[in-house]
Amino acid sequence: MERTLLANPGTTAPYPARVRKWSSSQPADLAHMGQSREDPSGMGASTMPVSALPRSGSEPVLLKAPASLGTIANSLRGSDGQLQAKAPTKPPRTPSLELPDVPERPPTYCELVPRVQGTSLSQSCREPEAPWWEAEEDEEEENRCFTRPQTEIAFCPPDAPSCLLGPQNRPLEPQVLHTLRGLFLEHHPGSTALHLLLVDCQATGLLGVTRNQRGNMGVSSGLELLTLPHGHRLRLELLERHETLALAGALAVLGCSGPLEERAAALRGLVELALALRPGAAGDLPGLAAVMGALLMPQVRGEQGLEEGGVRVTGKTGEACAGLFSQVSRLEHTWRHLRRSHTEAALAFEQELKPLMRALDEGAGPCDPGEVALPHVAPVVRLLEGVEEVAGPLEESGERLLRTLHGARQMARLAPKFRKVAAQRLRGFRPNPELSEALTTRFLRRLLWGSRGAGAPRAERFEKFQRVLGVLSLRLEPDR
């Protein structure tokens, strides 16, 4: 009987050998599922139907063969003869690691973490965008022809919540003035000059002009717009800015109610700022004109001609130096203390800054784009708006008028060069947001006249503040 059973392979033994089932929780035995333990090469007959193999995850069904209930029950039995208490955790739907994209090999189903197509780690970390004043101008925009203007525009920044003033403020709030004094003391004159250059370039329309603004004004720069008839609004805003900056500079001196040294230090700070704004330095001539306007204001200096005779003063080095100083009718003690304590600043003001400012007002000063980033626009703005007439004899006034008009034509023609020089001066510069806001026209208007008075007519506002400065000047140094 035993020989018969062995000779006939189709005959079933009375006691078939028990097939040992391996737990599906062992990864090493996943490849041997469905094969006999005694036949590792896979050539022998399988003792478990393929359809009874347990499926994991979302693997597709390869074969759909009918299976008996007993075989299915055996396939669901674990290594201990019972069902598993907890199902294995599913892989995450979103990849927790980004693998590099390999074009030669398409993504396969066997990867535990799917790869994201078309992205890499280097693309997820973008470099910070350059500031708006460092954005390069399109060559097509620079070479565009004149188009018919659509409307009058200005370049004031949009209204935004102030970081120095509240929604409502009174004129000359002491706390705000104290904060501003600390801001200017924290920055050296060179840094303050770059802040002022940045704000002036934006207010003039030299930098930061959008394509929509160019289309509306018909030209590519505010230097061109202010010479055209439809630049009336821009000219008024530039006049407002020039006068407001001058009043704020005068307030920086007249608002010092402390000792004499404090006012002299404020004068020296304005002189050093003017030196940092002059051609060859920052090259911001509108800012230079505003600072010089504050120093030459009647409430601050009140010059009455020249005092000849070579007033002798002693500098820090102990050397005697002589020069011509203007006769001062206001704050005489303050200017005298400036000559004694800060002789270099006093000499620079008298011998360099004043002649330079006089030449710029007459249209004979330096205006090359190499040393100037933003040209002096006040003379042509006053002339076109009829604010002041060219005084003097007929021949001299005529020559000055022609120089002013010629300078305006050159300024408009060289606007792209001025833009490149200004962007180069400001390359890599990261301004302080509070100091930048403190130099804007909107902030200075609210600081000097309050949130309510800022909307009053321009002539009325300036007349009242001139009287305020006169009262402060007389309180510091009464007339003899």
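Reading the values: the criteria
- Residues numbered from 1 in each chain as written.
- Predicted model: local features only at pLDDT ≥ 70, side-chain atom pairs only at ≥ 80, totals over all residues.
- Heavy atoms only, no water.
- Helix = DSSP H or I, 4+ residues; strand = E, 2+ residues; numbered from the N terminus.
- Buried < 20%, exposed > 50% of the residue type's maximum accessible area, 1.4 Å probe, protein only.
- Salt bridge = Lys/Arg side-chain N within 4 Å of Asp/Glu carboxyl O.

(A) A look at unusual backbone geometry. In this model, Leu172 sits at a positive phi of 55°, which is unusual for a non-glycine residue. When you line up the elements, Leu172 lands in the loop between helix 4 (139-142) and helix 5 (174-186). Residue classification places Leu172 among the partly exposed residues on the basis of a relative accessible area of 24%. The phi dihedral of Leu331 falls on the positive side, at around 50°, and the residue is not glycine. By the element assignment, Leu331 lies in the loop between strand 2 (320-328) and helix 12 (332-341).

(B) Structural detail: the pattern of salt bridges. This model, assessed by the stated rule, comprises 17 salt bridges. Two residues, Glu240 and Arg458, come together in a salt bridge whose shortest N-O distance is 3.9 Å. Placement of the pair is Glu240 in helix 9 (residues 232-254) and Arg458 in helix 19 (residues 458-476), with a sequence separation of 218 residues. Residue classification places Glu240 among the buried residues on the basis of a relative accessible area of 6%. Under the relative-accessibility criterion, Arg458 is labelled partly exposed at 31%. Sharing partners across several salt bridges, the network here consists of Glu240, Glu243, Arg445, Arg458 and Arg461.

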